[in-house]
Structure formats: C-alpha cells, structure tokens
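For reference, the chains in residue letters:
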Amino acid sequence: MTITISRKSPGYLLEAVQNLAGSRDEVFAFFADAENLEHLTPHTLRFRILTPVPIEMRAGALIDYRLRIRGVPVRWQSEITAWEPPYRFVDEQRRGPYRWWQHEHRFTDDNGATRVEDRVYYGVPGGALVHGLLVSREVQRIFRYRHDRLVERFGRAAESAPHRPAPKP
C-alpha cells in the first residue's frame, strides 16, 4: 500500500492505493454497506453511524456519524455525491471537523484482484500548522488501519508493476 499527502492549494490531497485479493464486485459491495465503515475506523475514534440502517447508498444519500477526535465529541455528516457501482463513488463532508472533505473511492480490476484507490481532498481549520502538528499523521494512521482491516477481510494481492512501454526492436 502507498499513502501520500501533498499540498494542493488551498488544502491537501491524500492518495492511497492498495490491491486486494477479492473481486471488484465483492470489494465494492463491502464498501456499499455503510455499516462496514465502523469496522474500517480505529476503535480509538469511537466512530458510530447515527443514520438508521440499512442505508440505501445512492447519489444524494446523507449519512450522519458520531466520533471522538482527541477525546472531543464530533458529529459528521456525509453526502454521497457520485454513485457508480462497481467502479467508484464519492462522499463529501456536509458537516464535520474539516473545512471540506471530498473522498473519491475507485475500484478497478487488476489481474484477478481489485485495485482500490482513494483520493481525499481536504482542508483543515488552522491551516498548515494544525495539519503538520496533528492532522497529517492522524489521517495517515486512519488509512493504515483501514488498509490492515481490508487485507484481513480480502487478503493482499500482488502489487502491479508500473506499466512500461515494450522495448523497440
């Protein structure tokens, strides 16, 4: 798995990629069940879904959560703004701890496995100082935890080699 965070004015861009042994349909179905988000979130955040389940995942769906960040209770609401099974979906924070949070999930077939790509564009109150001291490490920790839970669930697939053009004769 690779996780990178880069400055993308006026916020930040987290990109995470991992290959799972499950089929794209199987992996997407796991993500399509909002209740699985609790399993993918570290227990220290005490994350709970407040919206009654089951939740019909579709563009326009609103999902309310409760969690604790450094012990402080926080409510978060996400809207599913794109829903394209089994290829991608996007959730955006409507209320929560970030200035903005837009998370695109992509799922592609990769030699019998599934490549899962996350792109999270976000902004934090307090800007670069708060991001550097608190947020960057915490977001990376959450995505590493998520990676480990997904590997437990589906198994790790071999990472694809980068595409290289064939040598000229």
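Fair warning: this is a prediction, and the values are worked out from it, not measured in the lab.

Visitor: It is not clear to me how a positive patch on the surface should be interpreted in this structure. Could you clarify?
Guide: Taken together, the side chains of R46, R48, R66 and R75 present a region of like positive charge at the surface. Assignment of secondary structure puts R46 in the loop between α2 (36-39) and β3 (48-49).

Visitor: Before we go on, may I ask you to explain the pairing of strand β1 (residues 2-8) in this structure?
Guide: Remark: a regular strand shows side chains that alternate across the two faces of the sheet. With 7 bridges connecting them, β1 and strand β2 (residues 11-20) associate as antiparallel partners. Bridge pairing in β2 places R7 opposite Y12. Two successive antiparallel strands, β1 and β2, enclose a turn made up of 2 residues.

Visitor: Help me out: how do you make sense of the side chain of T114 in this one?
Guide: Within the element layout of this structure, T114 appears in strand β8 (residues 113-123). One polar contact links the side chain of T114 to the main-chain carbonyl oxygen of G22, over a distance of 2.6 Å. Of note is the side chain of T114, whose polar atom sits 2.9 Å from the backbone nitrogen of R24. In contact with T114, not counting residues within four places along its chain, are Q18, N19, L20, G22, S23, R24, V27, F107 and T108.

Conventions used here
- Residues numbered from 1 in each chain as written.
- Predicted model: local features only at pLDDT ≥ 70, side-chain atom pairs only at ≥ 80, totals over all residues.
- Heavy atoms only, no water.
- Patch = residues over 30% accessible without salt bridge, like charges linked within 9 Å, V, L, I, M, F, W, Y side chains within 5 Å.
- Areas by Shrake-Rupley, 256 points an atom, 1.4 Å probe, with all protein chains shown as cover.
- Salt bridge = Lys/Arg side-chain N within 4 Å of Asp/Glu carboxyl O.
- Lys, Arg positive; Asp, Glu negative; His and termini not counted.
- Charge placed at Lys NZ, Arg CZ, Asp CG, Glu CD.
- Helix = DSSP H or I, 4+ residues; strand = E, 2+ residues; numbered from the N terminus.
- Pairing = 2+ DSSP bridges.
- Polar contact = N/O pair within 3.5 Å; in protein donor to acceptor, adjacent residues only side chain to side chain.
- Contact = heavy atoms within 4.5 Å.

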